[in-house]
Amino acid sequence: MGPLSATRTMRLWGPRSLGVALGVFMTIGFALQLWGGPFQRRLPGLQLRQPWAPSPRPAVSSCPPRQRLVFLKTHKSGSSSVLNLLHRYGDRHGLRFALPDRYQFGYPRLFQASRVKGYRPQGGVGTQTPFHILCHHMRFNLKEVLQVMPSDSFFFSIVRDPAALARSAFSYYKSTSSAFRKAPSLAAFLASPRAFYRSGARGDHYARNLLWFDFGLPFPPEMRPKRGNPHPPRDPNAPGTHILPSATGPRAQTIDSNAVVQPVSTVADGHGQTGSPASLDLGSSSFIQWGLAWLDSVFDLVMVAEYFDESLVLLADALCWGLDDVVGFVHNAQAGGEQGHNAVGNSGLTPEDRQLTARARAWNNLDWALYVHFNRSLWARIEQYGQSRLESAVAKLRARREALAKHCLEGGEALDPKYISDRRFRPFQFGSAKVLGYRLRSGLSPHDREECERLATPELQYKDKLDAKQFPPTVSAPLKASRLLSP
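Values in this document were obtained by computation on a predicted structure and should not be read as measured data. (Residues numbered from 1 in each chain as written. Predicted model: local features only at pLDDT ≥ 70, side-chain atom pairs only at ≥ 80, totals over all residues. Heavy atoms only, no water.)

*Asks:* Would you explain the overall build of the protein in this entry?
*Replies:* Across its full length, the protein carries 16 helices and 5 strands. Here the protein holds 487 residues, and the buried ones make up 51% of them. Surface exposure of the protein reaches about 22700 Å², of which carbon and sulfur atoms provide 56%. (Helix = DSSP H or I, 4+ residues; strand = E, 2+ residues; numbered from the N terminus. Buried < 20%, exposed > 50% of the residue type's maximum accessible area, 1.4 Å probe, protein only. Areas by Shrake-Rupley, 256 points an atom, 1.4 Å probe, with all protein chains shown as cover.)

As structure tokens, this is what we get:
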């Protein structure tokens, strides 16, 4: 029999046969993407993400802005300030947010696509209107996130030094975490955490390795609660373990040698295969290194709170946004705490503060590994971007923020909530410390007032505003503050 003619080939591979073949290949690809439990990855064959490179100098007008975004909003890490800029950008450009029914996606449970308001599973009745931005509090679960957002979305998050995070979390979640509630002070807690902390107790995920928890990573076996044993074994301690510097740029700081892990020394390219949990020595740092390599394969950028403005410049560049798109005010800041985001070092600290910092980093050893790893990767990225170019952009960003504060705000800065009578701008109060907010100046033009309102609106009120905009027929009355989940 001679070679098949084109006509005969088309008959053999008609629409029905082609559909079956396509379905088989899609099923295989989908199964491969979900394989690996909590460590599924955005496979190169299923996503369009390219390795990051600085945008040309100067930025070219043909650079298309990224508008499919997944932001993992981690707790007490400056994430509320990032959330505000995402709210503003999406609001101005008419983008559609993947919103929770209340204010979080079932946290502290792992994220489920079914918790997104208006979500319909693939193959369900009706056409799914695409979402542009997923950015509210959740415990990260990539498998379910990819049910809602396309795999070529820009994934990013933010981390903070565990010592600074612990100080903020202790005052904010003292009534929520049983461990914090029993401790008279943070210093007393960190001096003997086992006297207060019970793994798996209600709210105690706030008391240890909160970043690791928010990223949805599994914990090493020795740190998991065991049935019938309310006192988990002590964590392996390796005094004197050498810790690599946290940064490669000129502002790199020497990290305390009291930390208990040594992070992986190279950043994975995100496209190689990683082993399964069963193939790892889970009692060693291999477990941590593997988790960090997986995060590198999923997240396009991880910001660092201590270098917040530098991170914003890199974010704007990666998204092909302007600096005005990322400039904003600090949100959810506590009175008496840091109003900005500054690098945490040991210079100028008292011996007691240095001891507390070392103990906080050692107790939160997984978070410390995350922080060191992503601090280093941020500075590697800064080297690619260009140090002088970055400094110029940061100066412009800060000048613009200062000008907006003087133009928009009464007093030009954040205020105690007792001075904020307008409920639209009064931040939700939670924990023992007062959460600061903003009051707008009088006499603003209608256009300026609209933009200043966007800048000053806290996250819960802005979420309600977006909800009413996307779901006007079914929008419900705002929940009373007593029923709100902690932000």
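*Asks:* Explanation requested: empty space enclosed by the protein in the structure shown.
*Replies:* The gaps left among the atoms become clear once a water-sized probe is rolled over them. Considering all chains together, one arrives at 3 cavities of 30 Å³ or more under this definition. Along the walls of the largest cavity sit 14 residues, with N332, P427, F428, P458 and E459 positioned nearest its centre. Counted by class, the lining of the largest cavity contains 9 nonpolar, 4 polar and 1 charged residues. Approximately 70 Å³ is the volume attributed to the second largest cavity. Contributions of two or more residues to the lining of the second largest cavity are made by α5 (162–172) and α7 (186–191). Element by element, the count of residues in the lining of the second largest cavity is highest for α5, at 4 residues. When the residues that make up the lining of the second largest cavity are grouped by side-chain class, the tally is 11 nonpolar, 1 polar and 1 charged. (1 Å grid on protein atoms, 1.4 Å probe; cavity = no way out; pocket = protein on both sides within 12 Å on 5 of 7 lines; lining within 4 Å. Points joined across faces, edges and corners; volume = space filled by probe spheres on them. Nonpolar A, V, L, I, M, F, W, Y, C, P; charged D, E, K, R; others polar.)

*Asks:* So what exactly am I meant to see when it comes to the state of the cysteines here?
*Replies:* Disulfides are covalent bonds that connect the sulfur atoms of two cysteines. As enumerated under the stated definition, the model contains 2 disulfides in all. Paired through a disulfide, C63 and C320 show a sulfur-sulfur distance of 1.9 Å. Of this pair, C63 sits in the loop between α2 (15–34) and β1 (69–72) while C320 sits in the loop between α10 (308–319) and α11 (323–326), and the two are 257 residues apart along the sequence. Using a relative accessible area of 26% as the deciding quantity, one classes C63 as partly exposed. (Disulfide = S-S within 2.5 Å.)

*Asks:* I would appreciate a short explanation of the environment of E410 in the present structure.
*Replies:* Mapping E410 onto the fold places it in the loop between α14 (387–408) and α15 (446–456). According to the relative accessible area criterion, E410 is partly exposed, its value standing at 33%. Sequence separation between E410 and S442 is 32 residues, and the spatial gap between their C-alpha atoms is 8.1 Å. Discounting chain neighbours no more than four positions away, the residues touching E410 are L415, R439, L440, R441 and S442. (Contact = heavy atoms within 4.5 Å.)

*Asks:* Could you clarify how one ought to interpret the sheet that holds strand β4 (residues 154–159) in this entry?
*Replies:* What holds strands together in a sheet is hydrogen bonding between their backbones, with the strands either parallel or antiparallel. If you trace the 5 strands from one edge of the open sheet to the other, you get β2-β3-β1-β4-β5, paired in parallel fashion. Whereas interior strands pair on both sides, the edge strands pair on one side only; in this sheet they are β2 (97–98) and β5 (301–304). Of the strands in this sheet, β1, β2, β3 (133–134), β4 and β5 touch helix α3 (residues 79–93), which is tilted by about 160° from β1. Here helix α13 (residues 365–385) sits on the sheet in contact with β4 and β5, set at roughly 105° to β5. (Pairing = 2+ DSSP bridges. Axes fitted to C-alpha atoms, helices over the stretch in contact; angles between N-to-C directions.)

*Asks:* Honestly, unusual backbone geometry in this entry has me stumped. Any pointers?
*Replies:* Most of the time, phi is negative for any residue but glycine, and the peptide bond is trans. The step from Y107 to P108 runs through a cis peptide bond, and the omega angle for that step is 10°. Relative to the helices and strands, P108 resides in the loop between β2 and β3. Here the phi dihedral of N209 falls at roughly 50°; this positive angle occurs in a residue that is not glycine. Structurally, N209 can be placed in the loop between α7 and α8 (210–214).

*Asks:* For this particular structure, what's the right way to read the side chain of S79?
*Replies:* Here S79 shows up in helix α3. A polar side-chain atom of S79 sits 2.5 Å from the main-chain carbonyl oxygen of T74. When sequence neighbours within four positions are dropped, the list of residues in contact with S79 reads F71, K73, T74, H137 and I158. (Polar contact = N/O pair within 3.5 Å; in protein donor to acceptor, adjacent residues only side chain to side chain.)

*Asks:* Explanation requested: the packing of α5 against helix α12 (residues 351–363) in the structure shown.
*Replies:* Each pair of packed helices can be described by the angle between their axes along with the distance between the axes. It is at 8 Å that the axes of α5 and α12 come closest, and there the two elements cross at 95°. With respect to their mutual orientation, α5 and α12 come out roughly perpendicular. Residues P162, A163, A166 and R167 of α5 touch α12, and the partners they reach there are D353, L356, T357, A360 and R361. Residues that form the contact of α5 with α12 fall into these classes: 5 nonpolar, 1 polar and 3 charged. (Parallel < 35°, antiparallel > 145°, perpendicular 65-115°, else oblique.)

*Asks:* How should I be thinking about the pattern of salt bridges in this particular structure?
*Replies:* Between side chains of opposite charge, pairing is possible as soon as their charged atoms come close. One pass over the full model with this rule turns up 20 salt bridges. One salt bridge connects D91 with K465, and the closest N-O pair in it is separated by 3.1 Å. Here the residue D91 occupies a position in helix α3, and K465 occupies one in helix α16 (residues 459–470), the gap between them amounting to 374 residues. With a relative accessible area of 7%, D91 lands in the buried category. Residues joined by salt bridges that share partners form a network here, namely D91, R92, D325, E450, E451, R454, K465 and K469. (Salt bridge = Lys/Arg side-chain N within 4 Å of Asp/Glu carboxyl O.)

*Asks:* So what exactly am I meant to see when it comes to the nonpolar core here?
*Replies:* Considering soluble globular proteins, one finds that nonpolar side chains tend to be buried as a cluster. Core analysis: the largest hydrophobic core is formed by 125 residues, its most contacted members being F140, F156 and F189. If one sorts the elements of this core by residue count, α13 sits on top with 11 residues. With sequence-adjacent residues up to four places away left out, F156 is seen in contact with L69, V70, F71, L72, V82, L86, F299, L301, M303 and L315. (Core = buried A, V, L, I, M, F, W, Y, C linked by side-chain atoms within 4.5 Å.)

*Asks:* Got a minute to help me understand the pairing of β5 in this structure?
*Replies:* For a regular strand, side chains alternate in direction, first toward one face of the sheet and then toward the other. Residue alternation in β5 divides its side chains into two sets, L301 and M303 and V302 and V304, and both sets are buried. As judged from the 4 bridges shared by β4 and β5, these two strands associate in the parallel manner. Of the residues in β5, the one forming a bridge with F156 is L301.

*Asks:* Would you mind going over the environment of S80 with me for this structure?
*Replies:* Take S80: it is sitting in helix α3. With a relative accessible area of 6%, S80 lands in the buried category. Considered as a pair, S80 and V330 are 250 residues apart in the sequence and their alpha carbons are 7.8 Å apart. Among all residues touching S80, those that are not within four sequence positions of it are K73, H331, N332 and E459.

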